[in-house]
Amino acid sequence: MSYNLLKGKKGIIFGALDENSIAWKTAERVHEEGGEFVLTNAPIAMRMGSIKNLAEKTNSEIIPADATKVEDLENLVEKAQEILGGKLDFVLHSIGMSVNVRKGNHYTDMNYDFTTKGWDVSAVSFHKTMQTLYKKDAMNEWGSIVALTYIAAQKVFPDYNDMADNKAYLESIARSFGYFFGKEKKVRVNTISQSPTPTTAGQGVKGFGGFIAYADKMSPLGNASAQDCADYTVSLFSDLTKRVTLQNLYNDGGFSNMGVSQQVMEAFEQDQKE
């Protein structure tokens, strides 16, 4: 259902790889709500995904950019404004990658070159993106910048590995840069801490199916889907949340405030009996 919440608003969406990605679902919802945007991802990711199909569906243009390279981001921001005809109203950062996870390195035996690459892609790229937007004065007042995160930034999930550190760093960057963006340019910066979601990136984490099943049993409302996250992101891009900033917002069915659920207790008790 469309309410034209984003009619006349323009922005950039990072990270739409395929139909399973949250950025893809968000792009579709932004389009439904009347927003216009350019799509971007790293050149290698574009060869792996089907972003051209999304561009055609949403009447959007694609600008390849490596979010770890400032020169790529500068080109992206400049071209996006040219294509969209002015300053931006929203940006979605939906990027995350751990080479250690991909290579199967345990948290206690990490390759630190891989670690550096992981936090550059997953967290520092968010600072680089905002710094570029800030220096180029590319955001309209009351604009909104959102990044996606996960509760492993606050709680221990052993197999989430160094992505947990990356997400903690990402959330800190959102708060710290969000202060300056809010104070100087009246731009909001928030993170959404999403339920475990079966995206292409998420499924690369060891034991991910167990993550999903456990979280679903723990959450009073069940896991939030990629579509739920897209809806929530649209609300943060809209003028309905003009003074929501510096927040890490949980879209997780209540998981983040649970100690234990009856379902999990019953499953544990059954396991003890067996």
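Look a little higher up for the structure.
Treat the numbers as computed from the prediction; the structure is a model and nothing was measured.

Scoring rules and cut-offs
- Residues numbered from 1 in each chain as written.
- Predicted model: local features only at pLDDT ≥ 70, side-chain atom pairs only at ≥ 80, totals over all residues.
- Heavy atoms only, no water.
- Helix = DSSP H or I, 4+ residues; strand = E, 2+ residues; numbered from the N terminus.
- Buried < 20%, exposed > 50% of the residue type's maximum accessible area, 1.4 Å probe, protein only.
- Phe/Tyr/Trp six-rings, centres within 6.5 Å; stacked < 30°, edge-to-face > 60°.
- Salt bridge = Lys/Arg side-chain N within 4 Å of Asp/Glu carboxyl O.
- Expected span 1.5 Å × (residues − 1).
- Bend = angle between axes of the 7 residues up to and from the residue.
- Contact = heavy atoms within 4.5 Å.
- Pairing = 2+ DSSP bridges.
- Axes fitted to C-alpha atoms, helices over the stretch in contact; angles between N-to-C directions.
- Patch = residues over 30% accessible without salt bridge, like charges linked within 9 Å, V, L, I, M, F, W, Y side chains within 5 Å.
- Areas by Shrake-Rupley, 256 points an atom, 1.4 Å probe, with all protein chains shown as cover.
- Lys, Arg positive; Asp, Glu negative; His and termini not counted.
- Charge placed at Lys NZ, Arg CZ, Asp CG, Glu CD.
- Parallel < 35°, antiparallel > 145°, perpendicular 65-115°, else oblique.
- Nonpolar A, V, L, I, M, F, W, Y, C, P; charged D, E, K, R; others polar.
- Core = buried A, V, L, I, M, F, W, Y, C linked by side-chain atoms within 4.5 Å.
- Left-handed = near helix turned anticlockwise from the far one by under 90°.

> If you had to explain unusual backbone geometry to someone new, which residues and values would you point to?
A positive phi angle, close to 70°, is found at Trp142, a residue other than glycine. Turning to its location among the elements, Trp142 is positioned in strand S5 (residues 139-149). By relative accessible area, which is 22% here, Trp142 ends up partly exposed. The backbone of Lys186 shows a phi angle near 55°, a positive value even though the residue is not glycine.

> A description of the packing of aromatic side chains should follow, citing residues and the corresponding values.
For any two aromatic rings, the description comes down to two numbers: the centre-to-centre distance and the angle of the planes. Going through the model one piece at a time under the given rule, you end up with 13 aromatic pairs. A centroid spacing of 6.3 Å and a plane angle of 35° characterise the contact between Phe157 and Phe255, whose relative ring orientation is tilted. In this pair, Phe157 sits in the loop between S5 and helix H7 (163-185) while Phe255 sits in the loop between strand S7 (248-251) and helix H10 (262-273), placing the two residues 98 residues apart along the sequence. Exposure remark for Phe157: the relative accessible area of 15% places this residue in the buried category. When the ring of Tyr179 is compared with that of Phe180, the centres are 5.1 Å apart and the planes differ by 80°; the resulting orientation is edge-to-face. Residue class for Tyr179 comes out partly exposed when judged on its relative accessible area of 44%.

> Please set out the pattern of salt bridges residue by residue, giving values where relevant.
Within this structure, the stated rule accounts for nine salt bridges. The partner of Glu33 in a salt bridge is Arg29, and the shortest N-O contact between them spans 3.0 Å. Side by side, Glu33 and Arg29 carry an identical accessibility label, which is buried. Between Glu78 and Lys136 there is a salt bridge whose closest N-O contact spans 2.6 Å.

> I'd like a rundown of H7, residues and numbers included.
Helix length check: H7 (23 residues) gives 31 Å between terminal C-alpha atoms against 33 Å at 1.5 Å per residue, within 8%. Roughly 25° is the biggest bend found in H7, and it falls at Gly178. Those residues of H7 hidden inside the fold are in contact with strand S4 (88-93), helix H6 (112-135), S5, strand S6 (188-194) and S7.

> Explain the sheet that holds S4 to me, and be specific about the residues and the numbers.
Two orientations exist for strands paired in a sheet by backbone hydrogen bonds: parallel and antiparallel. Here seven strands make up an open sheet; going across it, the order is S3-S2-S1-S4-S5-S6-S7 and the pairing parallel. The sheet terminates laterally at strand S3 (61-62) and S7, the two strands that pair on one side only. Along the sheet face, H7 touches S4, S5, S6 and S7 and points at about 175° away from the line of S5.

> Which residues make up a positive patch on the surface, and what values do they have?
On the surface, Lys183, Lys186, Lys242 and Arg243 cluster together into a patch of positive charge. The residue Lys186 is located in the loop between H7 and S6 in this model.

> I'd like to hear about a nonpolar patch on the surface, residue by residue, with values.
Together, Tyr3, Leu5 and Leu240 give the surface a local cluster of nonpolar side chains, amounting to about 340 Å² of exposed area. Among the secondary structure elements, Leu5 is positioned in the segment before strand S1 (10-14). Judged by its relative accessible area of 30%, Leu5 is partly exposed.

> Before we move on, could you go through the packing of helix H1 (residues 22-32) against helix H3 (residues 51-58) and cite the residues and values that matter?
Following both chains from N to C, one finds H1 and H3 inclined at 10°, their axes separated by 10 Å at the closest point. On the basis of the axis angle, H1 is roughly parallel to H3. Of the residues in H3, those in contact with Trp24, Ala27, Glu28 and His31 of H1 are Ile51, Asn53, Leu54, Lys57 and Thr58. Residues that form the contact of H1 with H3 fall into these classes: four nonpolar, three polar and two charged.

> For the nonpolar core, give the residues involved together with the corresponding values.
Most often, soluble globular proteins keep nonpolar side chains buried together rather than apart. Counting residues in hydrophobic clusters, the biggest one holds 32 residues, and the most contacted among them are Phe126, Leu133, Ile145 and Phe181. At the level of elements, S1, helix H4 (70-84), S4, H6, S5 and H7 are the ones that each hand at least two residues to this core. For Leu133, the contacting residues outside a window of four places in its chain are Val77, Leu88, Val91, Ala138, Met139, Ile145 and Phe181. Phe37, Leu39, Met46 and Ala55 belong to the second largest nonpolar core, which has 25 residues in total.

> Give a description of the packing of H1 against helix H9 (residues 226-237) that names residues and reports values.
Relative to each other, H1 and H9 sit at 55°, their axes nearing to 8 Å. Classified by the angle between their axes, H1 and H9 sit oblique to one another. For the pair H1 and H9, the sense of crossing is right-handed. Along its contact with H1, which presents Ile22, Lys25, Thr26, Arg29 and Val30, the element H9 presents Ala226, Gln227, Cys229, Ala230, Asp231, Thr233, Val234 and Phe237. Residue composition of the contact of H1 with H9, by class: seven nonpolar, three polar and three charged.

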